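Single-letter residue listing:
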Amino acid sequence: MYKVERTLEGPSYDSDEPLGIRFATSEDLRALEWEGEYVRYRRLFQRAVEEAQNGRRILLLAEIDEQLVGQIFMQLTTRANFSTEGVSSGYLYAFRVKSLFRNRGVGSQLLHEAEQNLVSRGFLRAVISVGKRNVAARRLYERAGYAVFTEDSGDWSYLDHLGRLREVSEPAFVLEKWL
Ligand SMILES: CC(C)(COP(=O)(O)OP(=O)(O)OC[C@H]1O[C@@H](n2cnc3c(N)ncnc32)[C@H](O)[C@@H]1OP(=O)(O)O)[C@@H](O)C(=O)NCCC(=O)NCCS
């Protein structure tokens, strides 16, 4: 199993309970629904875990005292319009920290660990979309070295846990960082 407790390098986490970061497995599928808050993404999570098993995604979970407190996922083949020819990029998404655990550095640690995973696999660039109204998340990314390089309509759709088609539209800035 992969696990880190990072305090020497990268953004720090100051708490009595150590923060652990590890890969998600199929055993985490229920926990990824965050007590029902994200049950609508059940099918997406199942596919993400399958793709992680095939090496096409990386799913990282942050835990305190064995409780899930945050996550970040990476897609290792970016959408064509977000990729630079000849450069392998990781597309970061599903990045969130439970509200009780925010503003303690958990998000920054997850972002840092995600980048380390990309670097260790030879990826040169990380890409992330952020809703245009999500000022706080954008500030975190810019402080971590990301810069806006394009915009996206944020239109996409998925089948929820009941098989209903859900359509999403969240105009976003798309940021990149050279690793
Ligand atoms: C965006 C998100 C993942 C950030 O997670 P987080 O754990 O709060 O992130 P951090 O704690 O590393 O950084 C947040 C702030 O806390 C500050 N901070 C970091 N470590 C800290 C510490 N030890 N003590 C006090 N403050 C700290 C950071 O400086 C940062 O300040 P800022 O608001 O000026 O940017 C979280 O807010 C979230 O889940 N939001 C909802 C979902 C979302 O918007 N996801 C992003 C989609 S693109």
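Above this text you will find the structure in question.
Notes on the structure in this doc start here.

Rules behind the numbers
- Residues numbered from 1 in each chain as written.
- Predicted model: local features only at pLDDT ≥ 70, side-chain atom pairs only at ≥ 80, totals over all residues.
- Helix = DSSP H or I, 4+ residues; strand = E, 2+ residues; numbered from the N terminus.
- Buried ≥ 20, exposed ≤ 12 C-beta atoms within 10 Å, placed from the backbone.
- Contact = placed C-beta atoms within 7 Å.
- Pairing = 2+ DSSP bridges.
- Axes fitted to C-alpha atoms, helices over the stretch in contact; angles between N-to-C directions.
- Near = placed C-beta within 6 Å.
- Nonpolar A, V, L, I, M, F, W, Y, C, P; charged D, E, K, R; others polar.

1. A closer look at the overall build of the protein chain
Then comes step 1: The helix and strand inventory of the protein chain stands at three helices and nine strands.
Then comes step 2: Starting at the N terminus and walking to the C terminus, you meet the elements of the protein chain as β-α-β-β-β-α-β-α-β-β-β-β.
Then comes step 3: The proportion of buried residues among the 179 residues of the protein chain is 28%.
Then comes step 4: At a minimum sequence separation of 6, the contacts of the protein chain that also span at least 24 residues come to 61%.

2. Re the pairing of strand β9 (residues 172–178)
Then comes step 1: The buried count for β9 comes to five of seven residues, which makes it a mostly enclosed element.
Then comes step 2: As defined by bridge partners, strand β5 (residues 125–131) adjoins β9 across seven bridges and the pair is classed as antiparallel. Bridging from a neighbouring strand, Arg-125 pairs with Trp-178 of β9.
Then comes step 3: When strand β6 (residues 147–152) meets β9, the two strands line up antiparallel, connected through five bridges. Its bridge partner being in β9, Ala-147 is matched across the sheet by Glu-176.

3. As for the sheet that holds strand β2 (residues 57–64)
Then comes step 1: Taken together, the seven strands give an open sheet; going across it, the order is β1-β2-β3-β4-β5-β9-β6, and neighbouring strands pair in mixed fashion. Where the open sheet ends on each side, the last strands, each with one partner, are β1 (19–23) and β6. Geometrically, the sheet is characterised by an average inter-axis angle of 25° between neighbouring strands, direction not taken into account.
Then comes step 2: Pairing analysis gives five bridges linking strand β3 (residues 67–75) to strand β4 (residues 89–97), with the strands arranged antiparallel.

4. Considerations on the environment of Gly-90
Then comes step 1: Tracing the sequence through the fold places Gly-90 in strand β4.
Then comes step 2: Taking the C-alpha atoms as reference points, Gly-90 and Arg-125, 35 residues apart in sequence, are found 6.4 Å from one another.
Then comes step 3: If sequence neighbours within four positions are ignored, Gly-90 has contacts with Met-74, Leu-76, Leu-118, Phe-123 and Ala-126.

5. Overview of the site of the ligand
Then comes step 1: As a structural note, the neighbourhood of the ligand is formed by 17 residues, with Arg-96, Arg-102, Gly-105, Gly-107 and Ser-108 the closest of them.
Then comes step 2: The dominant element in the shell around the ligand, judged by the number of residues it contributes, is helix α3 (residues 135–143), at four residues.
Then comes step 3: Its residues assigned to classes, the shell around the ligand shows seven nonpolar, five polar and five charged.

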